[in-house]
Amino acid sequence: EEGTTNLILSERLRFEGWNALLGAEVTVTQGYGIPGVTPDGATRIQTVGGESLIKYYTNVGSDPGNSASLSVWVYNIGQKTVRVGGNAIPGNTDVAPGEIRRCTLSTSSLVSGQRHIQFRALKANDSLDFIAYQPQIEAKPYPTSFVNGTRAAGKLEYLQSIWNHATGTFAAWVKTP
């Protein structure tokens, strides 16, 4: 897999030290699972109150004109839809009650503004209750698999001995530096 850097600091990957907005009360509890994703490495996030649709978020700064993407797993165990947004990374992904989803958003060229992962309600007075896992913001036009920190570019090699040189066709798209 290609190299990348998760721009979210390691100490914030468990959703601690994020920002609550405009009076939202947020409880963060470690050690939860998401069926089919992780047995116990996820974080339960509960929000109550607040005057904004945005309840809880983190940001990694801005980089206008360049690409960006975000990804995060969300398991909605509450009664209200959880909306995941990215501020300068356009779009939203809604996670309905009972749903498990890897939320992803991306853009090839950022407008001005901060790159966020935001957990939002559909109405300002909605309380949210969900489990989140593996938050990632990258300087790429598409999300890649999760990494804590930086992943060096991988190398995919096929030995000549596995090919039948007498018959067959091999076709591939190749990206060179």
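It should be noted that the structure appears before, not after, this text.
Presented here is a report on the structure given in the accompanying data block. (Residues numbered from 1 in each chain as written. Predicted model: local features only at pLDDT ≥ 70, side-chain atom pairs only at ≥ 80, totals over all residues. Heavy atoms only, no water.)

1. Here's the deal with the pairing of strand S11 (residues 128–138)
In summary, the side chains of a regular strand alternate between the two faces of the sheet. Burial of S11 is extensive: 10 of the 11 residues sit out of reach of the surface. In the sheet, strand S4 (residues 38–48) pairs with S11 via five bridges, with the strands oriented antiparallel. Across the sheet, the residue bridging to threonine 43 is alanine 132, located in S11. (Buried < 20%, exposed > 50% of the residue type's maximum accessible area, 1.4 Å probe, protein only. Helix = DSSP H or I, 4+ residues; strand = E, 2+ residues; numbered from the N terminus. Pairing = 2+ DSSP bridges.)

2. Quick notes on a nonpolar patch on the surface
Taken together, the side chains of Leu156, Tyr158, Leu159, Ile162 and Trp163 present a nonpolar region at the surface, about 580 Å² in accessible area. Leucine 159 gets classed as exposed once you look at its relative accessible area, which sits at 57%. (Patch = residues over 30% accessible without salt bridge, like charges linked within 9 Å, V, L, I, M, F, W, Y side chains within 5 Å. Areas by Shrake-Rupley, 256 points an atom, 1.4 Å probe, with all protein chains shown as cover. Salt bridge = Lys/Arg side-chain N within 4 Å of Asp/Glu carboxyl O.)

3. Brief notes about the pairing of strand S3 (residues 25–34)
In this sheet, S4 lies alongside S3 in antiparallel orientation, the contact comprising eight bridges. When the sheet's bridge partners are listed, isoleucine 34 is paired in S4 with threonine 38. Where S3 folds back on S4, the antiparallel hairpin that results is connected by three residues, among which glycine 36 adopts a positive phi of roughly 80°.

4. What to know about the packing of aromatic side chains
For the structure shown, the criterion picks out five aromatic pairs. Consider the rings of phenylalanine 15 and phenylalanine 119, whose centres lie 6.1 Å apart with planes at 50°: the pair is tilted. Separated by 104 residues along the polypeptide, phenylalanine 15 in the loop between strand S1 (4–5) and strand S2 (19–20) and phenylalanine 119 in strand S10 (residues 115–120) bring together distant segments of the chain. Neither residue differs from the other here; phenylalanine 15 and phenylalanine 119 are each classed as buried. Measuring from ring centre to ring centre gives 5.8 Å for tryptophan 18 and tyrosine 56, while their planes differ by 25°; the resulting arrangement is stacked. Here tyrosine 56 lies in strand S5 (residues 54–59) and tryptophan 18 lies in the loop between S1 and S2, a separation of 38 residues in the sequence. Taken together, the ring pairs in this structure connect Phe15, Trp18, Tyr56, Phe119 and Phe130 into an aromatic cluster. (Phe/Tyr/Trp six-rings, centres within 6.5 Å; stacked < 30°, edge-to-face > 60°.)

5. Some remarks on the sheet that holds S10
Read from one edge to the other, the open sheet built from five strands follows the order S2-S5-S10-S7-S8, with strand pairing classed as antiparallel. Across the chains shown, the open sheet's two edge strands, defined by having one partner strand only, are S2 and strand S8 (89–95). Direction of pairing for strand S7 (residues 82–87) relative to S8: antiparallel, over a ladder of five bridges. When the bridges of S8 are listed, arginine 83 appears paired with aspartate 94.

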